[in-house]
Amino acid sequence: MQRSMANETQKVGTIHFPFPFTPYSIQEDFMAELYRVLEAGKIGIFESPTGTGKSLSLICGALSWLRDFEQKKREEEARLLETGTGPLHDEKDESLCLSSSCEGAAATPRPAGEPAWVTQFVQKKEERDLVDRLKAEQARRKQREERLQQLQHRARFKYAAKRLRQEEEETEHLLRLSREMLETGPGAERPEQLESGEEELVLAEYESDEEKKAASGVDEDEDDLEEEHVTKIYYCSRTHSQLAQFVHEVKKSPFGKDVRLVSLGSRQNLCVNEDVKSLGSVQLINDRCVDMQRSRPEEKKGAEEEKPKRRRQEKQAACPFYNHEQMGLLRDEALAEVKDIEQLLALGKEARACPYYGSRLAIPAAQLVVLPYQMLLHAATRQAAGIRLQEQVVIIDEAHNLIDTITGMHSVEVSGSQLCQAHSQLLQYMERYGKRLKAKNLMYLKQILYLLEKFVAVLGGNIKQNPNTQSLSQTGTELKTINDFLFQSQIDNINLFKVQRYCEKSMISRKLFGFTERYGAVLSSREQPKLAGFQQFLQSLQPRTTEAPAAPADESQASAPRPASPLMHIEGFLAALTTANQDGRVILSRQGSLSQSTLKFLLLNPAVHFAQVVKECRAVVIAGGTMQPVSDFRQQLLACAGVEAERVVEFSCGHVIPPGNILPLVICSGISNQPLEFTFQKRELPQMMDEAGRILCNLCSVVPGGVVCFFASYEYLRQVHAHWEKGGLLGRLAARKKIFQEPKSAHQVEQVLLAYSRCIQACGQERGGVTGALLLSVVGGKMSEGINFSDNLGRSPELQEKMAYLDQTLPRAPGQAPPGKNLVENLCMKAVNQSIGRAIRHQKDFASIVLLDQRYARPPVLAKLPAWIRARVEVKATFGPAIAAVQKFHREKSASS
């Protein structure tokens, strides 16, 4: 199909979809269905294979809906403002709730039997209030549009930012001078003397939330200073590179000039303060950033006198990039023109404005927010970023691993070594600063020490002995419910919610990290007499990158960032233990020595964290190149999150390639008529590995160019490779194709793929024995971008428990396998489908796909293949007709290409 590059507007039904060229018919279908899902407030599962222009379909379909939604909203606003009255909702179209500012503006149900004049009065007042809100919102919108228009026409940003920066530096200089005068003047009171810089390591007086509310009677709320959140689309994907590619597609689209887009990222990706960024660890960067913004006692008074209520935080910030005026300018610049993360970073460095906080300021006014889906799916991160999902649209792209991502984000493992390190560090911290700490701090620190001691004890260890040399009498794996684990550990009497809140508010792990950075492995020799005798062994517990200094370590001289404090990691485990008992399990893994033994929290119900997203959002779209089998999404995510089946819409489009460009075959038996069934029990049999090798040799003889062979796991690939090498099969394969193996390390993948590709190109230009390359890969590994199974799939305690949980929770459909067994089959098929998806990349591509296992011929398994593959599958009972079909297919395709 010829496709012109000029922007075109496609009309599908009554909807106009601007598109950069003539779309494929499947793209038109995709956009029309997406529009219907967003308009009706549904949950959509969209499958569009690689090479079919999914990103552009998402962009043009979703932004066309947003364009029409905003137009309807403006028309309704104009009507209400013109008449000053009118219904607050169009009964025929619930989508006309004017914006998030309408929440609570709908007519309140009146008590039965209330006099008519009272009802009428209340309705009139609600209408007048709504009109007032609309006028205020219009004024804000007009002001914003004028501001952005100015930016688009004038290059004032850098000059304004520079001027503001100079003024800020002068003000800061004057404040510093005045503070120094006060500190050195007569009557200045000095606290107990500590070494230079050590004050920040001491915990501030702690008050619980309840105590603060009781003392103040009101909550500080500065929401009135924030801009209203317009209806917007949150677009999420898995990696920053995928997000950057999406932003690039938006720029090229017909909406690229007008849409207000902001890219969000983590502090690790967006921080421009080199001192903070050099810490390396995500958690250390986060904690240092927050710590730098906390008010300092000597700054508080001056800041309060200058601005007692508004924006005190900016004046107290120690980070030079956290400047509200300059971040406001950065926000406007980000909204005025589409920018990706790299451009935001460059802008922040130039203006000395923080891109992390500047981009967050842009969220309310943005129409399209682009972010990693971990940021949206984790409630605390979402809240910290200022993301509000109420009545908004969420699109989750590359969502084939969504369930595993949510599970992984909320599962956490801690080792005996980490528990002992955290305990020793905290004990030393208390020895040093105990006399300076208030009773509330000491109480919580003792509770944390108690928890760490009990966690070590439940593994069978002793907190007072070196974990590296402690042998455990009992080994193996034990699985517990959360409640049983709490009872067995003897910590069921401790309120973990309060401990978790204390850790978060007091930033104890950050203080502890600063303390251990300062003093290295152990305290300096002059402190040793104060310590208990057993702490002599603690040197062996700490990471010893350098000898322990008595003086503060110079961070700038460190060759590599130190690892994060183990307590930071343990805090995640404590938070996980507050999960509802039925939704998680704790796995105790005893490995002989205490240091290698672990406690792992396993989340069984990812829906508990997804429920809030689908509950708050207007519509949610889960999209990917390969989404089959979708039953996992329907059951484990949506049904368990309380979504009604009728709210879920499935859409799967075909591929843009001609049907004759793929040849999917299922081969049921091998060359020697050996039935092909690579089950866990049979796949390591010598005859099975030999049969697979002989089949691969034959395929490599008739398939030109490249062949990719996927194995069940890295371990199985290693076993088969060793068997083939021993029996001479590997040599026969190497005579036909140069052999490459998928690396386990992610950073080596590009290098291997490049060498594989170059080999194929070189063989195509030469005449010789080697006709191309063979890549030995892993289902669900780095090449197929899927889930990497454990080698004992079906035998790990995690999977066994997940199967049992689904069997107890989900109803068994008539004629179907139990939900647990279905889970394993779906896991396998998802990874297989991801692998198949690597074979076809664009419209003119062609490939043969050979499935070596008779189980693929069964209808329930075939039904889990993507529709565009399933329609073309040929089942071959024996090998002869299969190899003949492959030879014919490639001969014809090679002749026509």
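Source: prediction; values computed, not measured.

(A) Unusual backbone geometry, seen in detail. In this structure, R352 takes a positive phi of about 50 degrees despite not being glycine. By the secondary structure assignment, R352 is in the loop between α13 (341–351) and α14 (355–361). By relative accessible area, R352 is classed as partly exposed at 29%. One non-glycine residue, M507, lies in positive phi territory at about 55 degrees. Following the sequence through the fold, M507 ends up in the loop between α21 (496–506) and α22 (508–519). In this structure M507 comes out as buried when scored by relative accessible area, which is 6%.

(B) Region of interest: the side chain of S253. Mapped onto the elements, S253 comes out in the loop between α6 (240–252) and β5 (261–263). A distance of 2.7 Å separates a polar atom in the side chain of S253 from the backbone oxygen of V250. If sequence neighbours within four positions are ignored, S253 has contacts with L56 and I59.

(C) Local environment of the packing of helix α12 (residues 324–336) against α13. Closest axis-to-axis distance for the α12/α13 pair is 11 Å, and the angle between their directions is 150 degrees. You can see that α12 and α13 cross each other, and the crossing is right-handed. For the pair α12 and α13, the contacting residues are Q326, L330, E333 and A334 in the first and L344, L347, G348 and A351 in the second.

(D) Just the nonpolar core, in detail. Grouped together as the largest cluster of nonpolar side chains are 52 residues, with contacts concentrated most on F455, F485, F573 and L599. At nine residues, helix α19 (residues 439–458) tops the list of elements feeding residues into this core. Those residues in contact with F485, other than ones at most four positions away along the chain, are F455, V458, K480, F573, L577, V586, L588 and L599. Listed in part, the 42 residues of the second largest apolar core include I26, L34, I59 and W65.

(E) Region of interest: the state of the cysteines. Applying the stated criterion across every chain yields a total of zero disulfides. Cysteine C236 remains unbridged, with the sulfur of C617 as its closest cysteine sulfur at 9.0 Å.

(F) Fine view of the pairing of strand β11 (residues 593–603). Burial runs high along β11: nine of the eleven residues are buried. Two strands pair when backbone bridges link them, and strand β8 (residues 412–415) and β11 are joined in this way by four bridges, in the antiparallel orientation. Bridging across to β11, V412 finds its partner in F601. From the end of strand β10 (residues 584–591) to the start of β11, which pair antiparallel, there are one residue, and G592 there has a positive phi angle of about 100 degrees.

(G) Spotlight on the sheet that holds strand β13 (residues 648–652). In spatial order, the strands read β5-β6-β4-β7-β12-β3-β13; together these seven strands make up an open sheet with parallel pairing. This sheet does not close on itself; its edge strands, each paired only once, are β5 and β13. The mean angle between the axes of side-by-side strands here comes to 15 degrees, regardless of whether they run parallel or antiparallel. Packing against the sheet, helix α25 (residues 631–639) makes contact with β3 (43–47), β12 (619–624) and β13, and its axis sits at approximately 150 degrees to β3.

(H) Structural detail: the pattern of salt bridges. One pass over the structure, following the stated rule, counts 19 salt bridges. One continuous salt-bridge network, built from bridges that share partners, spans K54, D397 and E398.

(I) Structural view of the sheet that holds strand β16 (residues 737–741). If you walk across this open sheet you meet the three strands as β15-β17-β16, and the pairing is parallel. Edge positions in the sheet fall to β15 (705–711) and β16, since each has one partner strand and no second. Between one strand axis and the next, the sheet turns by 20 degrees as a mean value, whatever way the strands run. Bridge count for β15 against strand β17 (residues 772–778) is seven bridges, and the pairing is parallel.

(J) Quick look at the packing of α19 against α21. Between α19 and α21, the least distance of the axes is 11 Å, while the angle of their chain directions is 115 degrees. As far as their axial angle goes, α21 and α19 are roughly perpendicular. The interaxial crossing formed by α19 with α21 has left-handed handedness. On α21, the residues touching N441, Y444, L445, Q447, I448 and L451 of α19 are L496, K498, V499, Y502 and C503. The class makeup of the residues in the contact of α19 with α21 is eight nonpolar, two polar and one charged.

(K) Expanded view of α13. Taken together, the buried positions of α13 are occupied by I341, L344, L345, L347, G348 and A351. Projected onto a plane normal to the axis of α13, the buried residues spread over an arc of 165 degrees and lie on a single side. The opening residue of α13, the one whose side-chain oxygen lies 3.2 Å from the backbone nitrogen of E342, is D340. After α13 finishes, the residue R352 shows a positive phi value of roughly 50 degrees.

(L) Representation of the environment of I667 in the model. The topology assignment puts I667 in strand β14 (residues 662–667). Note on I667: relative accessible area 1%, which makes it buried. Sequence separation between I667 and D853 is 186 residues, and the spatial gap between their C-alpha atoms is 6.3 Å. Non-local contacts of I667, meaning those with residues more than four positions away in its chain, are made with L676, V850, L851, L852, D853, Q854, K876, F879 and A882.

(M) Inspection of the packing of aromatic side chains at higher detail. Throughout the structure, instances matching the rule amount to 19 aromatic pairs. Between Y322 and Y357, the aromatic rings sit 4.9 Å apart at their centres with planes inclined by 85 degrees, giving edge-to-face as the arrangement. Note that Y322 is positioned in the loop between α11 (312–316) and α12 and Y357 in helix α14, a separation of 35 residues in sequence. Across this residue pair, the class does not change: Y322 and Y357 are buried. When the centroid spacing of 5.0 Å and the interplanar angle of 65 degrees are considered together, the rings of Y429 and Y433 count as edge-to-face.

(N) How the structure looks around α12. With 13 residues, α12 extends 18 Å from end C-alpha to end C-alpha; this agrees with the ideal 18 Å at 1.5 Å per step. When you tally the buried positions in α12, you get twelve out of 13 residues, the bulk of the element. Residues H324, Q326, M327, G328, L329, L330, R331, D332, E333, A334, L335 and A336 constitute the buried set of α12. Between the side-chain oxygen of the N-cap and the backbone nitrogen of E325 there are 3.1 Å, and the N-cap of α12 in question is N323.

Cut-offs and rules
- Residues numbered from 1 in each chain as written.
- Predicted model: local features only at pLDDT ≥ 70, side-chain atom pairs only at ≥ 80, totals over all residues.
- Heavy atoms only, no water.
- Helix = DSSP H or I, 4+ residues; strand = E, 2+ residues; numbered from the N terminus.
- Buried < 20%, exposed > 50% of the residue type's maximum accessible area, 1.4 Å probe, protein only.
- Polar contact = N/O pair within 3.5 Å; in protein donor to acceptor, adjacent residues only side chain to side chain.
- Contact = heavy atoms within 4.5 Å.
- Axes fitted to C-alpha atoms, helices over the stretch in contact; angles between N-to-C directions.
- Left-handed = near helix turned anticlockwise from the far one by under 90°.
- Core = buried A, V, L, I, M, F, W, Y, C linked by side-chain atoms within 4.5 Å.
- Disulfide = S-S within 2.5 Å.
- Pairing = 2+ DSSP bridges.
- Salt bridge = Lys/Arg side-chain N within 4 Å of Asp/Glu carboxyl O.
- Parallel < 35°, antiparallel > 145°, perpendicular 65-115°, else oblique.
- Nonpolar A, V, L, I, M, F, W, Y, C, P; charged D, E, K, R; others polar.
- Arc of directions from axis to C-beta.
- Phe/Tyr/Trp six-rings, centres within 6.5 Å; stacked < 30°, edge-to-face > 60°.
- Expected span 1.5 Å × (residues − 1).

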